[in-house]
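If you want the building blocks of each chain, they are given just below.
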There are 2 protein chains.
Amino acid sequence: MELIDGNRIAAEIVSDLRAEVAALPGRPPCLALVRVGDDPASVSYVKNKEKTAAAIGIAGRILLPPATISSDELFALIDQLNGDPAVDGILVQSPLPPHLDELAVFRRIAPAKDVDGLGTVNLGKLAQDDDTGFVSCTPAGIMELLARSGVRLAGRHVVVIGRSLLVGKPVALLALQKRAGANATVTVCHSQTRGLPALARQADVLIAAIGRAEFVTADMVKPGAVVIDVGINRVADPTRKAGYRLVGDVHFPSVAPLAGKITPVPGGVGPMTVAMLMKNTLKAYRQQHGA
Amino acid sequence: MELIDGNRIAAEIVSDLRAEVAALPGRPPCLALVRVGDDPASVSYVKNKEKTAAAIGIAGRILLPPATISSDELFALIDQLNGDPAVDGILVQSPLPPHLDELAVFRRIAPAKDVDGLGTVNLGKLAQDDDTGFVSCTPAGIMELLARSGVRLAGRHVVVIGRSLLVGKPVALLALQKRAGANATVTVCHSQTRGLPALARQADVLIAAIGRAEFVTADMVKPGAVVIDVGINRVADPTRKAGYRLVGDVHFPSVAPLAGKITPVPGGVGPMTVAMLMKNTLKAYRQQHGA
């Protein structure tokens, strides 16, 4: 078994991006990070993104509207960022408070600044194999992890567990694309799938993105398979100071010995998501500045 | 084995649409059909669509630019239709002559009039499970055929052979949606898939859309499976007056005895595509008129 080190690979990307940004002629790229309220996980995600942006030389503009912000007020804020020529990319951190329609918020972001790739136009471009669009950061990070770990997808069977808009569907579309690094056969399973263990066991590459702690067990993994764990779940753990520990969607202790390669949680997909957000921000900057 | 009669099911839809259109208060819906040049298959498709529109009471506006039309001229024509309040839906018949960029042409159609559902916004809405968009007609027709034939997809395994923008990808996204009539587990195979026969043999519902005459043979079909044949291929046949006959992507003689249900070619998916185009046109009319 080989551990896929997301921290190391993300650090490589960050380092490449730092060099690219340093070489830009004009002002640095600018990423607006909008965090509504103060959900503890969101606080830590946004802090992380801010830190990584700073390390690269991307200017972070942090906006922290209260959890009580109305839909119209949040739209107005996004419209202002859409129209601001000093802002290249916009990310609204999810999850949003329940009174806000997350999809409507994602859609409000101008496609040219939608560096999280969850708006309608960028999803459509993904389905059209058009790489001028922005691919949402977690799926893009997964593809990059696989490529940089020497995993060839062409003709091989990728099984995705989970069909979310954020991960399952876009990573399936990516792996299926007709281009170098993709060309996989793709199966998408989910909570309603019958016979999921047997299907998962067919995977050459198994991507777990179902949002259930340690859902994938050894009986669902073919020996030698590549296992990508997208889950970040908190499970109660009284032995920890925080009272919880983070686990993935994969039961790591039983699956790791079987797998050919596997990502840990934390330190697998997570850091890649942040790195790809920065890569998308630089792309947005270049597209808007013709640089 | 039960034959899924696309002609009969399409005729039911056409009859329902005729009643709906007759009950509309104002002018009838209007569908612009653009055929570039005179590719023989396109001539017959457009004629068919024109006839079906007329039977329903949808006004057809037929535009027949020459095969030599430039990209800019075709864009100008589409822009004019986009801006014309008397036109509700626009279809540009594919295939287009090779000097025209098909995707760019599809994208030029205003999303609200894109009744063929191949533009970026409508594909994005499909990925977002948003049913205000237009789903391209062949995939929508396949879903309707399955629903009206009593095939329940929830939890069952749909295997799609082919990953085209027109059929394979949208039908996979549709079958995967989280809504009644969908919720399938979905696998997409294609020309680069390894071990395709064994994968196809797992299908409860097998959708053949690879564009190769009689590609699916008996060894690729589980006994009792539902088989949907999207292919329309001409194969030389000197015993026919026309010199050819139409066959699907399925080798019907050997597969039909095995299948639980199967669509014939012609008379299966084909007529459904036309019926769904009309349904989308009425939807476009209603959305634009608030009727």
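Because the structure is predicted, anything quoted here is derived from the model rather than measured.

Draft legend 1. Summary view of the relation of the copies chain B and chain A. For the pair chain B and chain A, the best superposition has an RMSD of 0.0 Å and corresponds to a rotation of 180 degrees with a translation of 0.0 Å parallel to the axis. Expressed as an axis order, the relation between the two copies is that of a two-fold axis. In this assembly, 100% of the residues forming the interface of chain B have copies in chain A that are likewise at the interface, indicating an isologous arrangement.

Draft legend 2. Region of the structure containing the domain arrangement of chain A. Considered domain by domain, chain A is made up of domain 1 (27–110) and domain 2 (137–270). Taking only C-alpha atoms into account, the centre of domain 1 of chain A sits 27 Å from that of domain 2 of chain A.

Draft legend 3. The arrangement of the interface of chain B and chain A in detail. On the chain A side, the residues contacting the 25 residues of chain B number 25 residues. Elements represented by at least two residues in the side of chain B that touches chain A include exactly α5 (120–127), α7 (168–176) and β6 (185–189) of chain B. Residues belonging to the side of chain B that touches chain A are distributed by class as follows: eleven nonpolar, nine polar and five charged. Strand direction decides the pairing type here: strand β6 (residues 185–189) of chain A and β6 of chain B, joined by three bridges, are antiparallel. Opposite Val-188 of chain A, over in β6 of chain B, you have Val-186 of chain B as the bridge partner.

Draft legend 4. Main features of the environment of Arg-234 of chain A. Residue and element names in this part refer to chain A. Following the sequence through the fold, Arg-234 ends up in strand β9 (residues 233–236). Residue classification places Arg-234 among the partly exposed residues on the basis of 14 C-beta atoms within 10 Å. Beyond its immediate sequence surroundings of up to four residues, Arg-234 is in contact with Tyr-244 and Leu-246.

Draft legend 5. Structural view of the sheet that holds strand β4 (residues 89–92) of chain B. Residues and elements named next belong to chain B. Here three strands make up an open sheet; going across it, the order is β3-β2-β4 and the pairing parallel. Strands with a single pairing partner mark the edges of an open sheet, and in this sheet they are β3 (59–63) and β4. Adjacent strand axes in the sheet meet at a mean angle of 20 degrees, parallel and antiparallel pairs treated alike. Here strand β2 (residues 30–34) runs beside β3; their pairing, made up of five bridges, is parallel. Across the sheet, Val-34 pairs through a bridge with Leu-63, a residue of β3.

Draft legend 6. How the structure looks around helix α3 (residues 71–83) of chain B. Residues and elements named next belong to chain B. Between its first and last C-alpha, α3 extends 18 Å over 13 residues, near the 18 Å set by a 1.5 Å rise per residue. By the burial criterion, the buried members of α3 are Leu-74, Ile-78 and Leu-81. Buried residues in α3, looked at end-on, bunch into an arc of 60 degrees, giving them a common side. Counted as exposed and oriented over 90 degrees from the buried face of α3: Asp-72, Glu-73, Ala-76, Gln-80 and Gly-83.

Draft legend 7. Expanded view of the environment of Arg-163 of chain B. Looking at where Arg-163 of chain B falls in the secondary structure, it is placed in the loop between β5 (157–161) and α7. Residue classification places Arg-163 of chain B among the buried residues on the basis of 25 C-beta atoms within 10 Å. Distance from Arg-163 of chain B to Leu-118 of chain B, taken between C-alpha atoms, is 14 Å for residues 45 residues apart in sequence. The contacts of Arg-163 of chain B, once residues within four sequence positions are left out, are Leu-176 of chain A together with Gly-168, Lys-169, Val-188 and His-190 of chain B.

Draft legend 8. Representation of the sheet that holds strand β1 (residues 2–3) of chain A in the model. With mixed pairing, the twelve strands of this open sheet are ordered in space as β1(A)-β11(A)-β8(A)-β7(A)-β5(A)-β6(A)-β6(B)-β5(B)-β7(B)-β8(B)-β11(B)-β1(B). This sheet does not close on itself; its edge strands, each paired only once, are β1 of chain A together with β1 (2–3) of chain B. Judged from the four bridges that link them, β5 of chain B and strand β7 (residues 205–208) of chain B form a sheet pairing that is parallel. Considered in β7 of chain B, the bridge of Val-158 of chain B is made with Val-205 of chain B. Of the strands in this sheet, β5 (157–161), β6 and β7 (205–208) of chain A together with β6 of chain B touch helix α7 (residues 168–176) of chain A, which is tilted by about 165 degrees from β6 of chain A.

Calculation rules
Residues numbered from 1 in each chain as written. Chains lettered and ligands numbered in written order. Predicted model: local features only at pLDDT ≥ 70, side-chain atom pairs only at ≥ 80, totals over all residues. Least-squares fit on C-alpha atoms with pLDDT ≥ 70 in both. Contact = placed C-beta atoms within 7 Å. Domains from an automatic or database assignment. Helix = DSSP H or I, 4+ residues; strand = E, 2+ residues; numbered from the N terminus. Nonpolar A, V, L, I, M, F, W, Y, C, P; charged D, E, K, R; others polar. Pairing = 2+ DSSP bridges. Buried ≥ 20, exposed ≤ 12 C-beta atoms within 10 Å, placed from the backbone. Axes fitted to C-alpha atoms, helices over the stretch in contact; angles between N-to-C directions. Expected span 1.5 Å × (residues − 1). Arc of directions from axis to C-beta.

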